[in-house]
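These are the residues of each chain, in order.
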Amino acid sequence: MWSPRTLLPLFLLLPTILAFKPSDFKTCSQSGFCRRGRALAARAQESLSSWHSPYSIEPPESLKLNPRQPAFTTSVHSSIHPNIKFVLDVMIHEDGIVRVRMDEENGLRKRYNEAAQWALIGEPVLSEDVLWTIKGGKAKAVYGAKKDMELVVDFNPLKITLFRGGKEQVVLNGRGLLHMEHFRTKEDSKLAEHIEGEGQSVLQVNSAAWFEGDAQDAFWEETFSTWTDTKPKGPESLSLDITFPNHAHVYGIPQHATNLSLPSTTGPTAKYTDPFRLYNADVFEYLSDSPTSLYGSIPLMHAHSATSTVAVFNAIASETWIDIAHVEKGGVETHWISESGILDVFLLPGPTPTDVFAQYAYLTGTAPLPAQWSLGYHQCRWNYVSSDDVRGVQNKFDEEDFPVDVFWLDIEYAEDHKYFMWNKKTFPDPVEMTKDVEAVERKMVVIVDPHLKRSNDYPVYKRASELGVLVKPKSGEGEYEGWCWPGSSSWIDFFHPGSWDFWISLFKTETIDGQWSWTESTNNIGIWNDMNEPSVFNGPEITMPKDNVHYGGWEHRDVHNINGMLFANHTFQAAEARTDPPRRPFVLTRAFYAGSQRFGAMWTGDNLGTWEHMAVGIKMVLANGLGGMPFAGSDVGGFFGNPEPEMLVRWYVVGAFSPFFRAHAHIDTKRREPYLLEEPYKSLVRDILRLRYSMLPVWYTAFRETSENGVPILRPQYMMFPEDEAGFGIDDQYYIGSSGLLVKPVTQKGVKEVSVYIAEDQVYYDYFTNHAHRPKNRHITLPANLDQIPLLIRGGSIIPTRERPRRSSPLMKYDPFTLRIALDTSGNAHGEVYLDDGETYGYGRGDVVWRGFGAESKKGKGKGIGTVRISSADLAARTQVGVYDPKNEFARSVGDVRVEKLVVLGLGKKPSSVVLDSGRELEWEFTSGGVLVVKDPAVRVVDDWAIVVKLE
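Residues numbered from 1 in each chain as written. Predicted model: local features only at pLDDT ≥ 70, side-chain atom pairs only at ≥ 80, totals over all residues. Heavy atoms only, no water.

1. Quick notes on the overall build of the chain
In terms of regular secondary structure, the chain is built from 16 helices and 51 strands. Relative to the compact-globule value of 30 Å for 952 residues, the chain shows a C-alpha radius of gyration of 29 Å, a close match. C-alpha atoms of the chain, sized along the principal axes, occupy 110 × 70 × 55 Å. The buried share of the chain, reckoned over its 952 residues, is 63%. A fraction of 71% describes how many contacts in the chain between residues 6 or more apart in sequence connect residues 24 or more apart. Accessible surface computed for the chain: about 34,900 Å², of which carbon and sulfur atoms make up 49%. With 98 positive and 122 negative side-chain charges, the chain shows a spacing of 5 Å between the two charge centroids. (Helix = DSSP H or I, 4+ residues; strand = E, 2+ residues; numbered from the N terminus. Rg over C-alpha atoms; globule rule 2.2 N^0.38 Å. Buried < 20%, exposed > 50% of the residue type's maximum accessible area, 1.4 Å probe, protein only. Contact = heavy atoms within 4.5 Å. Areas by Shrake-Rupley, 256 points an atom, 1.4 Å probe, with all protein chains shown as cover. Lys, Arg positive; Asp, Glu negative; His and termini not counted. Charge placed at Lys NZ, Arg CZ, Asp CG, Glu CD.)

2. Topic: the packing of helix α10 (residues 611–626) against helix α11 (residues 645–656)
Remark: α10 packs on α11, axes separated minimally by 11 Å, with the N-to-C direction vectors making an angle of 5°. Between α10 and α11, the interaxial angle falls into the category roughly parallel. Seen from α10, the contacting residues are Trp611, His613, Met614 and Ile618; seen from α11, they are Glu646, Met647, Arg650, Trp651 and Val654. Classifying every residue of the contact of α10 with α11 gives six nonpolar, one polar and two charged. (Axes fitted to C-alpha atoms, helices over the stretch in contact; angles between N-to-C directions. Parallel < 35°, antiparallel > 145°, perpendicular 65-115°, else oblique. Nonpolar A, V, L, I, M, F, W, Y, C, P; charged D, E, K, R; others polar.)

3. A few points about the environment of Ser53
With respect to the helices, strands and loops of the structure, Ser53 is situated in the loop between α1 (32–47) and β1 (55–56). Taking the C-alpha atoms as reference points, Ser53 and Phe211, 158 residues apart in sequence, are found 8.6 Å from one another. Beyond its immediate sequence surroundings of up to four residues, Ser53 is in contact with Pro157, Asn173 and Gly176. In terms of polar contacts, Ser53 uses its side chain to reach the backbone amide nitrogen of Tyr55, at 3.2 Å. At a separation of 3.1 Å, a polar atom in the side chain of Ser53 contacts the side chain of Asn173. (Polar contact = N/O pair within 3.5 Å; in protein donor to acceptor, adjacent residues only side chain to side chain.)

4. Some thoughts on the packing of aromatic side chains
Within the structure shown, the criterion is met by 55 aromatic pairs. Seen in terms of ring centroids, Trp210 and Phe211 are 5.4 Å apart; in terms of plane orientation they differ by 65°. Their pairing is edge-to-face. Residue classification places Trp210 among the partly exposed residues on the basis of a relative accessible area of 33%. For Phe211, a relative accessible area of 0% gives the class buried. Taken together, a centroid distance of 5.8 Å and an interplanar angle of 70° make the contact between Phe420 and Trp503 edge-to-face. Separated by 83 residues along the polypeptide, Phe420 in the loop between β24 (406–409) and α6 (430–438) and Trp503 in helix α8 (residues 498–506) bring together distant segments of the chain. When sorted by exposure, Phe420 lands in the same class as Trp503, which is buried. Pairwise contacts between aromatic rings join Tyr413, Phe420, Trp422, Phe427, Phe494, Trp503, Phe507, Trp516, Trp518 and Phe567 into one cluster. (Phe/Tyr/Trp six-rings, centres within 6.5 Å; stacked < 30°, edge-to-face > 60°.)

5. Notes on the state of the cysteines
All told, the structure shown has one disulfide when counted by the stated rule. With its sulfur 2.0 Å from that of its partner, Cys28 forms a disulfide with Cys34. Between Cys28 and Cys34, the S-S torsion sits near -100°, and that sign places the bridge as left-handed. Overall, the relative accessible area of 3% leaves Cys28 in the buried class. We note that Cys380 lacks a disulfide partner, and the nearest cysteine sulfur, in Cys484, lies 17 Å from it. Judged by relative accessible area, Cys484 falls into the buried class, the value being 0%. (Disulfide = S-S within 2.5 Å.)

6. Details of the sheet that holds strand β4 (residues 98–105)
Adjacent strands of a sheet form backbone hydrogen bonds with each other and so pair up, either parallel or antiparallel. Sheet architecture is open: eight strands sit in the order β1-β2-β3-β4-β22-β19-β18-β16, paired in antiparallel fashion. This sheet does not close on itself; its edge strands, each paired only once, are β1 and β16 (249–252). When strand β2 (residues 71–78) meets strand β3 (residues 85–92), the two strands line up antiparallel, connected through six bridges. Bridge pairing in β3 links Thr73 to Asp89. (Pairing = 2+ DSSP bridges.)

7. Notes on the pattern of salt bridges
This model, assessed by the stated rule, comprises 63 salt bridges. In this structure, Arg38 and Asp323 form a salt bridge, with 2.8 Å as the shortest nitrogen-oxygen distance. Here Arg38, found in helix α1, pairs with Asp323, found in strand β20 (residues 320–326); they are 285 residues apart in sequence, far enough to count as distant. Judged by relative accessible area, which is 24%, Arg38 ranks as partly exposed. Residue Glu644 is joined to Lys749 by a salt bridge in which the shortest nitrogen-to-oxygen separation is 2.9 Å. Of the two residues, Glu644 sits in the loop between β32 (632–633) and α11 while Lys749 sits in the loop between β36 (741–743) and β37 (753–757), which places them 105 residues apart along the sequence. (Salt bridge = Lys/Arg side-chain N within 4 Å of Asp/Glu carboxyl O.)

8. Digging into the environment of Val904
Assignment of secondary structure puts Val904 in strand β47 (residues 898–905). Linking Val904 and Gly32, residues 872 residues apart in sequence, is a C-alpha distance of 63 Å. Non-local contacts of Val904, meaning those with residues more than four positions away in its chain, are made with Ile821, Leu823, Ile870, Gly930, Val931 and Leu932.

9. Here's the deal with the pairing of strand β41 (residues 791–794)
Remark: a regular strand shows side chains that alternate across the two faces of the sheet. Judged from the three bridges that link them, β36 and β41 form a sheet pairing that is antiparallel. Opposite Val743, over in β41, you have Leu791 as the bridge partner. Where strand β38 (residues 764–766) lies against β41, three bridges are found, and the strand directions are antiparallel. From the neighbouring strand, Asp766 faces β41, where its bridge partner is Leu792.

10. As for helix α4 (residues 353–364)
Spacing of three or four residues puts side chains on the same side of an α-helix, whose turn is 3.6 residues. Taking 1.5 Å per residue, twelve residues should reach 16 Å; α4 reaches 17 Å between its end C-alpha atoms and fits that length. Looking at the residues trailing α4, positive phi occurs at Gly365, about 90°. (Expected span 1.5 Å × (residues − 1).)

11. Digging into unusual backbone geometry
Looking along the chain, the bond that leaves Trp382 and enters Asn383 is cis, with omega of 15°. Relative to the assigned elements, Asn383 resides in the loop between β23 (378–379) and α5 (387–399). The omega torsion of the bond from Asp580 to Pro581 falls at 5°, within 30 degrees of zero and hence cis. Along the chain, the position of Pro581 falls in the loop between α9 (556–576) and β30 (587–589). The phi dihedral of Ala938 is positive, around 60°, even though this residue is not glycine. Inspection of the secondary structure assignment puts Ala938 in strand β50 (residues 931–940). On the basis of relative accessibility, which here comes to 48%, the residue Ala938 falls in the partly exposed class.

12. Structural notes on the confidence of the model for the chain
When pLDDT is averaged along the chain, the result is 95; 96% of the residues meet or exceed 70. Overall, residues 1–17 carries pLDDT values under 50, and its contacts beyond four positions in sequence, including any with other chains, amount to 46 contacts. Throughout residues 192–199 the model reports pLDDT below 50, and contacts reaching past four residues in sequence, or to other chains, amount to 13 contacts. (pLDDT = per-residue confidence, 0-100.)

13. Thoughts on the sheet that holds strand β27 (residues 482–484)
In space, the three strands of this open sheet follow the order β26-β28-β27, with antiparallel pairing throughout. Edge positions in the sheet fall to β26 (451–453) and β27, since each of these pairs with one other strand and no more. With strand direction ignored, the average angle separating the axes of adjacent strands in the sheet is 60°. Across three bridges, the pairing between β26 and strand β28 (residues 487–491) is antiparallel. Bridging across to β28, Lys453 finds its partner in Ser489.

14. Some points on α5
Given a rise of 1.5 Å per residue, 13 residues ought to cover 18 Å, and the 18 Å separating the end C-alpha atoms of α5 matches this to within 8%. Taken together, the buried positions of α5 are Ser387, Asp389, Val390, Arg391, Val393, Gln394, Phe397 and Asp398. Packed against the buried residues of α5 are β23, β24, α6 and β25 (443–447). Just beyond α5, the residue with positive phi is Asp401, at close to 60°.

See below:
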């Protein structure tokens, strides 16, 4: 949400402030540790071949290594600081994942080492199939099912290289930029001092200057604008170069508004002058093309080539800058510069994109199956102003036949912005209002921000203060006070274990043990966590001072990028705990970190109503999927501005083909609920919404898959066709799960047609006209007038849809299915649909319907197809979902749901008969366009069945 620097009444806010203000945020040149990191890289570049890393394993015999052990620990020596000791851990885990940790040993202070504990779902299991050898100044591990993986640790200088098949995949410290600034005192940090003696002044030479430089650049204090960071621990930054010598494309490290294939920030091909920054920030009207940090940070980078995919997860929670250089030899050099923390890097060996997603999910978990209603359409604005306003909006959606599942309330529902506390002047009956929405199977989502108004008549703040669970100022005593929407505010420290049960108790809809809770709510309300970077209006870079103190004595600088994840984490747990047994909660977060996918959805923040923001929103959602966070979307129409009808229609298409589909708008914008549009735009948007609802089975089935293996829901071209180099940089078209749907949303004004890239010699069908396209020169040209969506079905796919228009998605539970069967060039196809109750965790007990559909062709007497057998089989029985019984409770509840239509594409000629395998003739028609439509075959979705199409 928009965050002005001062809390002026809205009518006093001038339009001139409604723009991104670069002066609010640091560049690398304004950040002391980033300057030092880049200066280190510059010295290395200038020294060329004479440069070497000062870190080594010395003496090598100190490494005591059993050939069969999967991990070792050893001391690391620094030639520039020989009295400072470091310790290195190297671990090889299941799935070939390598973990490299390095920390200062027995230092003056302790470096932050808990980032991984928040990101990981548990300690990964060590491999049992490793063979080490030590020879020629290096240790080498051979492992993997094919024994084609090698991890080589060079002793002097220290370098770690991951090989596959003898080819370098990832190199750590290959360029000698590893540097862990050790803890010191101000006295120890003097780079040079004059010693007086016998009338002479003697200069003590700094032997580390060749590596570290000869200036104490922002070691102990740093000023930005009007704020001073006291840096009580002194310099503690971490620099690490990570090189992908044989991979020309890198992806990930969300969140940035940029291309999916990340451009260079340094070197001759640099697109940007600053590195990519990871520092969760409330960036107001962010630029549509920039390396500037935004609301979330996932320090995960994929590297891809036509022969392999690898990734690096750098478990660091502090502010981090990442330089990228694409080098002439076809590799990528990266340089990671972090303000604090230990080195804790995971190497994910692939070798395919799908393998990398599974390996990252093994570490950090997957997105859970969401409540099914949350995949419908969400209507939001800042703000619906009253209970009557909410009811009126719902009534208009129904009167105009627009489907919608969720209505949202922004901050103005809360009295004086005291979250949970309703403004009774405008919302006198919040429970009744919510139940009115729920009466037609819809839901409310209400915002709960992390800042608490410092007022003793606010029970949430009062209790948090009594418990001592609020973030502390730099003194480590009392409560930090900053400014946000309520004015004077404090923030709960979710690193403090004492805050966890307290936060859960607030969401109870009944009073327990006399403690205040949100009794004026219902168990179905979803929660919106905004401003959780955290946003602090009067703080440096609109966030919390870095020298604030959290539980355990850690400074805010150490944990900043994790902060927002913990807020959403505990909100998710609180919403889940409202009922017993629990039901799937819905939580939307703006700030996020690695592992946030386990706790709900995210959106791309305060975008603008421009064509450029519409286009980059697609790239950002794709990048979030690569970062393990698939439940993502950008606000339809843009948060700021008043988009013209053409833009709004196009943006609804983008939203309809995003996992999270919400329209949102700033308080100063005109009302833009879709029913307010003039014709033909109103009908166009209605059709887009109905299309989304008809495809909910596709989306929910895709979520089932990602909940199992972490594979993104939106799949970019390189992931689908990892050997096709021409597709590695494409980020304006994508596939929906494993469905075979390929969409290319229009994100420019006045477009009449688009060219869709096709990487294979395969037939693709227009979703709406059923026209078969066979790509010429790897492209298909599609009409793209405002009433047309460039949407294709890949040959070989079966698409399950529900075509009955309903007011909300739960009302579709018993609706019949249509199957679009798009035969490939061999006459075959497959697809699936996954169903459960959409609300509970009964799927873990096997209360599911999971069907696989297939079409198999047999040749006839001539060259063409003789018969096509279309069938349904029970995938749950084959994969043993929970304690599975085909006649489980849920399956019985939908036992009468049938398949009402089959649409078969690609037959080539008219059938002679269409019969069930029982022999019963079915009603069908064959159009002049070569499409077979089978009408109401009277087969149930829960049953095994087969339909045989004979063509001769």
